[in-house]
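Fold and geometry: a report
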Amino acid sequence: MSTVSKGPSSDKRMPMGERHPAERAKDFNEVGRGYTPEQAIQEARRCLQCKKPTCVSGCPVEINIPAFIKQIAESAPLKASSVLREKSTLPGVCGRVCPQEDQCEKTCILAPKGAAIGIGALERFAADAERKQSAENSLSKNISPKTAHAKNAHHGGKIAIIGSGPAGLTCAGDLAKKGFTVTVFESLHALGGVLRYGIPEFRLPRTVLEQELDTLRGLGVSFELNCLIGRTKTIADLFADNFLAIFVGTGAGLPSFLKIPGENLNNIFSANEFLVRINLMHANQFPKFDTPVYVGKNVAVIGGGNVAMDAARTALRLGAETVTIVYRRTEAEMPARAEEIHHAHEEGVQFKFLSAPEQFISDEKGAVQSIECSAMELGAPDNTGRRRPQVIADSRFLIPADMAIVAIGSSPNPVLPSLTTGLTTNAAGHIIVDKNFMTSLPGVFAGGDIVSGETVIQAMGMGKRAARCIIDHLADGRD
Amino acid sequence: MKYTIVKKTLLAPNIYRLEVSAPEIARRAKAGQFVVLRVADTGERIPLTITAADTIAETITLIFQDIGKTTVMLAALNEADVIKDILGPLGHPTEMQNYGTVVAIAGGVGAAELLPVVTAFKAAGSKVITIIGARNKDLLILEPELTAVSDKLIDITDDGSSGQKGFVSNVLMDLIAKQLHIDMVYAIGPIPMMQAVSGITKTAQIKTIVSLNPIMLDGTGMCGVCRVSIAGETKFACVDGPEFDAHAVNWVELMSRLSLYKKEEKISLDAHRAECKCQNNDASNQGEITQ
């Protein structure tokens, strides 16, 4: 049991301000406004500063949560940010996209009272304070973050990181801090992986991502774009180029489809394609940007996860008249964060539950016109503990939709595993690793969605632990 | 990585050849593979086949027709200019083996994509009869290069200004009618041409490979916009292809998906042309080009 010290706590959690749904649903600016300094201090003072903090056990990257909150309570947000940085490479990202309600805030000692500390909002506040400070510094003193840490000595040899998503960036940051010379290889023309192409700007402004990347550059991490390992270079090439160890964080970049008739009709997108067009290629600004995107009048988004919510809310922002989430179970079983579902509701996304698509129906031009669905009912729980949906006989009905987005998940990107001899994967295509995150190839480690997991923070946690294992592995090799 | 254009050539009206410095891609590129490139920060990503790779000069050769905004912008670049991003080599390489007698067919700028494949077939010991077609004589490209690596080259134009008058599919039908033994047909070019070839060889029961060029974004299997139906199963052309069994391709679907953004492509190109009056599409104005 934790020892609880008395704090000047109130029993209510400080809510974070949000832009009005009607206003925010028209643009891509951030939804949450973040705490004001006064709000942050007030919320931070509620923290009981447990001697044995239960919140930390809920954090995949082991942030010293009471310590950073204490700094905020003492009006020292930059010190709070330093505490975050001891463990996290991406605090500005985590403060926004982590499912805190299932992690640190769930294990907060105040959670049973329904008044868990707003750890996520406080993390965001501290990270944002750092970003503002660093922007001011570079303006006033002309010190770029790139040179700020340039004295970082590189003595530990070269490490290659494949993929610049959350797993890779975390692993890169931790290894660079330990003095390794780290190069991150990215296949796209921009860095960040799912943080760039997947999560929309209204949840994660790109200035936040840029700041995190600048911090990594400041640590001496270098980045190579347009490099698809497996094709442009191979794992063997990297070893030949004197990389001592390799971390594979290539993510779950292969979109799943429903495998039902009509799925390749025009105006049916994978969520990946739709979000890549907007987030990476800026199709929402066509023709200023060259990549176009189709926007339907009545958009159906199939799936119930965070990606489905992101796609639905993005479609609204592009000007769709109606956007409907089509999900085969009920709201209670939806895997998306409660906050995302709430925001989608607020902004006007409609929900059609207990509906399973059976086929897409074409108009005369080969584009989708409607989705034929079966009505479902919930049966006995399946292996995820959620009640399994089953088809109600003779219950087919049509959902009109001139655009459909399939957001039912993705599987590991097969490019690197299929082109790397000796790299073992399981039936689902995940790279198999041992307890030290090492793959079947000595010196090749892997983490993030290419191995398992599904959230940004889980990927970061794996990247972090893999970095430790890489260091141990190299130390063993020197004995 | 800086992808500098080291040589630019006008091959035919509106058809350009660029030799671009890209050491890593040049080192690994094989016949049948492609790159995805981007010309500007606001640009789109488009796939282009790698026509040749020079491991000594560390360059790759790209041949394209300026038909959309991105290719028009690419055509406006000159020697010493830099292409913003090039990712590659992508896709499965052409399978290299002695197939016996191969008829290799290209329509239009597809000849550029055929050259490395024919070279590879020939190197593996196959006998290659190459058929290239174009709208007219001026638009026939790479005839000497393809002649050099083929056992026989037959050209044909829509208007009869070179070779016979007609389409590449007519030539193929003639060869079949003359009872030439053909072990395999390889075709690359516009969809109607590949579809016509596929129809002929299906009847004649000749194994046929086509290289498909649907819309692509990332080119790494991430988005699925390039999905094609092969024997009723969805495949991603970027990572599962680009080569497929012609007789298993759903051509109607492919054609329909290719037309997805026709309207936007025109908006983009018209806006670019209006903004950039230098692009009047007249080859004689391209002063710096060596013909």
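Residues numbered from 1 in each chain as written. Chains lettered and ligands numbered in written order. Predicted model: local features only at pLDDT ≥ 70, side-chain atom pairs only at ≥ 80, totals over all residues. Heavy atoms only, no water.

Some remarks on the overall build of chain B
Broken down by element type, chain B carries nine helices and 16 strands. Rg of the C-alpha trace for chain B: 18 Å, near the compact-globule value of 19 Å for 291 residues, within the 12% margin. Each of the three principal axes of chain B carries a C-alpha extent, and together these read 55 × 40 × 40 Å. Put simply, of all contacts in chain B between residues at least 6 apart along the chain, 65% involve residues at least 24 apart. (Helix = DSSP H or I, 4+ residues; strand = E, 2+ residues; numbered from the N terminus. Rg over C-alpha atoms; globule rule 2.2 N^0.38 Å. Contact = heavy atoms within 4.5 Å.)

With respect to the side chain of B:Thr70
Looking at the secondary structure, you find B:Thr70 in helix 2 (residues 69–76). Residue class for B:Thr70 comes out buried when judged on its relative accessible area of 3%. Not counting residues within four places of it along the chain, the set of residues in contact with B:Thr70 comprises A:Asp290, B:Val39, B:Glu44 and B:Ile46. (Buried < 20%, exposed > 50% of the residue type's maximum accessible area, 1.4 Å probe, protein only.)

A look at the environment of A:Phe28
All names here are of chain A. Within the element layout of this structure, Phe28 appears in the loop between helix 1 (21–24) and helix 2 (37–46). Each C-alpha atom, one on Phe28 and one on Phe202, is 4.9 Å from the other, the two residues being 174 residues apart in sequence. Setting aside its immediate chain neighbours within four residues, Phe28 contacts Glu201, Phe202, Ile278, Asn284, Thr314, Arg317 and Leu318.

Let's talk about the pairing of strand 8 (residues 101–107) of chain B
Residue and element names in this part refer to chain B. For strand 8, a buried count of seven out of seven residues is recorded, marking the element as mostly surrounded by other parts of the structure. A two-sided burial pattern is seen for strand 8, the buried positions comprising Thr101, Val103, Ile105 and Gly107 on one face and Val102, Ala104 and Ala106 on the other. Note that strand 8 and strand 9 (residues 127–134) share seven bridges and pair parallel. Bridge assignment links Val102 to a residue of strand 9, and that residue is Val128. With helix 3 (residues 110–123) bridging strand 8 and its parallel neighbour strand 9, the resulting β-α-β unit is right-handed. Pairing of strand 8 with strand 12 (residues 184–188), which is carried by five bridges, proceeds in the parallel orientation. Bridge pairing links Ile105 to Ala187 in strand 12. (Pairing = 2+ DSSP bridges. Right-handed = clockwise from strand over helix to strand, strands pointing away.)

Some thoughts on the pairing of strand 7 (residues 85–90) of chain B
Residue and element names in this part refer to chain B. Among the six residues of strand 7, six are classified as buried, and the element is accordingly described as predominantly covered. As paired elements, strand 3 (residues 34–38) and strand 7 share four bridges and run antiparallel to each other. From the neighbouring strand, Val36 faces strand 7, where its bridge partner is Leu87.

Quick look at the pattern of salt bridges
Between side chains of opposite charge, a pair can form when the charged atoms approach closely. All names here are of chain A. Counting across every chain of the model gives 42 salt bridges over all chains. Arg24 is paired through a salt bridge with Glu346; the nearest N and O atoms lie 2.6 Å apart. Taken together, the residues span a long stretch of sequence, with Arg24 in helix 1 and Glu346 in helix 16 (residues 338–347) at a distance of 322 residues. A salt bridge links Arg203 to Asp310, with the shortest nitrogen-to-oxygen separation between them at 2.8 Å. Note that Arg203 is positioned in the loop between helix 11 (194–197) and helix 12 (206–218) and Asp310 in helix 15 (residues 306–317), a separation of 107 residues in sequence. Accessibility classification places Arg203 together with Asp310 in one group, the buried group. Through salt bridges with shared partners, a single network forms among Arg24, Arg203, Asp310, Arg313, Arg317, Glu340, Glu346 and Glu347. (Salt bridge = Lys/Arg side-chain N within 4 Å of Asp/Glu carboxyl O.)

Some points on the domain arrangement of chain A
Residues and elements named next belong to chain A. Each assigned domain of chain A is listed here: domain 1 (21–147), domain 2 (158–253 + 412–475) and domain 3 (255–410). In this structure, domain 1 and domain 2 have C-alpha centres spaced 25 Å apart. Taken residue by residue, the interface counts 27 residues in domain 1 and 29 residues in domain 2. Taken together, both faces of the contact between domain 1 and domain 2 bury some 2400 Å²; the carbon and sulfur share is 65%. On inspection of domain 1 and its partner domain 2, the count reaches two salt bridges. The salt bridge involving Arg85 is made with Glu212; its shortest N-O contact spans 3.0 Å. Our enumeration of links across domain 1 and domain 2 arrives at ten residue pairs in polar contact (both at pLDDT 80 or more). For the side of domain 1 that touches domain 2, the elements supplying multiple residues, two or more each, are helix 5 (77–87), helix 6 (91–97), helix 8 (119–140) and helix 9 (145–148). Looking at the side of domain 1 that touches domain 2 element by element, the count peaks at six residues for helix 6. Along the lines of polarity and charge, the residues of the side of domain 1 that touches domain 2 split into twelve nonpolar, six polar and nine charged. (Domains from an automatic or database assignment. Buried area = accessible area lost by both parts, 1.4 Å probe. Polar contact = N/O pair within 3.5 Å; in protein donor to acceptor, adjacent residues only side chain to side chain. Nonpolar A, V, L, I, M, F, W, Y, C, P; charged D, E, K, R; others polar.)

As for the domain arrangement of chain B
All names here are of chain B. Taken domain by domain, chain B consists of domain 1 (3–90) and domain 2 (94–211). Its C-alpha centre places domain 1 at a distance of 24 Å from the equivalent point of domain 2. In this complex, domain 1 contributes 13 residues to the contact, which on the side of domain 2 involves 13 residues. Carbon and sulfur atoms supply 67% of the area that domain 1 and domain 2 bury against each other, a total of about 1100 Å² over both sides. The largest share of the area that domain 1 buries against domain 2 comes from Ala31, Thr49 and Thr51, three residues that together contribute 41% of it. Here domain 1 and domain 2 share one salt bridge between them. Salt-bridge contacts for Arg17 lead to Glu145; the nearest nitrogen and oxygen are separated by 3.8 Å. Summed over the shared surface of domain 1 and domain 2, the number is three residue pairs in polar contact (both at pLDDT 80 or more). Elements that contribute at least two residues to the side of domain 1 that touches domain 2 include exactly strand 1 (3–12), strand 2 (15–21), strand 4 (46–54) and strand 5 (59–65).

Let's talk about the interface of chain B and chain A
On the chain A side, the residues contacting the 47 residues of chain B number 42 residues. Of the roughly 3600 Å² buried between chain B and chain A, counting both surfaces, carbon and sulfur atoms make up 52%. Inspection of the region where chain B meets chain A yields three salt bridges. Between B:Glu24 and A:Lys233 there is a salt bridge, with its nearest N and O atoms 2.5 Å apart. Put simply, chain B and chain A have 24 residue pairs in polar contact (both at pLDDT 80 or more) between them. Elements with a minimum of two residues in the side of chain B that touches chain A: helix 1 (23–28), helix 2, strand 7, strand 14 (227–230), strand 15 (233–236), helix 8 (251–258) and helix 9 (262–275) of chain B.

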